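In case you want the letters, here they are:
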Amino acid sequence: MSSSVLQFEPELSQPLIQEVMSRSGQNLLACYQCRRCAAGCPVGDETGVTPDRLIRMIILGEREEALNNLLVWKCVACYTCGTRCPNNIQTARINETLKQISKEAHIEPLLPKVSAFHDVFLRLTSHFGRVNELVFIGLYEMRNAKRELKHGGGWKAVADEMKNHAKLGISMMKKKRMHFQLNRVKRLSEIKRLFKKAKDEAGG
Ligand code: SF4
Ligand code: SF4
């Protein structure tokens, strides 16, 4: 019979805690599980994992669960949890770190479309410092189509998704939210420097 008592195994938990703390810049060890963060998380109900629970997973060394759960992929980075936290722990940054570690470990994401969205967004931002909607949707659709076909989804699923996005594109155009010009930010070198720093700190 399995025990309901949580097990703390330092040899499992220490490497994960250290990696997440150093890459996210957040002091997870300051968390005393007051759950003020959980009360305000807008996606906590649908993810089944709240920020406090995520931190507990990391502290206990539950690597697989911590790297691939719905909160990691559905966090909208609203920073409500961090604003409410008496110890200023920003779970949005922890989630971003877990996404990166999960990708580096080639773990199949629970929500592949969110993962593709994240990849394309970062790729464009690192090149131009901003995202152009048309280029973004083109690259994102290519990624999704490739994945859909690889997993036997068929051309119909690909076409349906493209149709939906075309409708969204038209609605954005009507509201003048679609930009055709590919602009770069003025100080692109600063953005590139930040990306390089993050990469170097991640050891890659
Ligand atoms: S509010 Fe801060 S200290 Fe409290 S459980 Fe959440 S992360 Fe931990
Ligand atoms: S930043 Fe993410 S984890 Fe924190 S409250 Fe917002 S959605 Fe929830």
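Residues numbered from 1 in each chain as written. Chains lettered and ligands numbered in written order. Predicted model: local features only at pLDDT ≥ 70, side-chain atom pairs only at ≥ 80, totals over all residues. Heavy atoms only, no water.

Observations regarding empty space enclosed by the protein
Counted under the stated rule, the structure contains three cavities of 30 Å³ or more. Size it by volume and the largest cavity reaches roughly 110 Å³. Around the largest cavity sit 15 residues that line it, and Cys31, Cys34, Cys37, Cys85 and Ile89 are the ones nearest its centre. If you add up the space inside the second largest cavity, you get close to 80 Å³. If you go around the second largest cavity, you meet 15 residues; those closest to its centre are Cys41, Pro42, Cys75, Cys78 and Cys81. Residue assignment for the lining of the second largest cavity shows that the elements contributing at least two residues are helix 7 (80–84) and helix 8 (91–104). Residue contributions to the lining of the second largest cavity peak at three residues, all from helix 8. Of the residues in the lining of the second largest cavity, the class split is twelve nonpolar, three polar and no charged. (1 Å grid on protein atoms, 1.4 Å probe; cavity = no way out; pocket = protein on both sides within 12 Å on 5 of 7 lines; lining within 4 Å. Points joined across faces, edges and corners; volume = space filled by probe spheres on them. Helix = DSSP H or I, 4+ residues; strand = E, 2+ residues; numbered from the N terminus. Nonpolar A, V, L, I, M, F, W, Y, C, P; charged D, E, K, R; others polar.)

Description of the domain arrangement of the chain
In terms of domains, the chain is made up of domain 1 (10–104) and domain 2 (112–201). Each partner contributes residues to the interface: domain 1 has five residues there, and domain 2 has five residues. For the pair domain 1 and domain 2, the two sides together bury roughly 470 Å², of which 53% comes from carbon and sulfur. Applying the counting criterion to the domain 1 and domain 2 interface returns one salt bridge. Salt-bridge contacts for aspartate 119 lead to lysine 103; the nearest nitrogen and oxygen are separated by 2.5 Å. The biggest single contributor to the side of domain 1 that touches domain 2 is helix 8, with four residues. Each residue belonging to the side of domain 1 that touches domain 2 can be placed in one class, and the counts come to one nonpolar, one polar and three charged. (Domains from an automatic or database assignment. Contact = heavy atoms within 4.5 Å. Buried area = accessible area lost by both parts, 1.4 Å probe. Salt bridge = Lys/Arg side-chain N within 4 Å of Asp/Glu carboxyl O.)

Quick look at helix 1 (residues 10–24)
Helix length check: helix 1, at 15 residues, gives a terminal C-alpha distance of 20 Å against a target of 21 Å (1.5 Å per residue), a fit within 8%. Within helix 1, burial applies to Ser13, Leu16, Ile17, Val20, Met21 and Ser24. One face of helix 1 carries all of its buried residues, which in axial projection span an arc of 125°. More than 90 degrees from the buried face of helix 1, the exposed residues found are Glu11, Pro15 and Ser22. Just beyond helix 1, the residue with positive phi is glycine 25, at close to 75°. (Expected span 1.5 Å × (residues − 1). Buried < 20%, exposed > 50% of the residue type's maximum accessible area, 1.4 Å probe, protein only. Arc of directions from axis to C-beta.)

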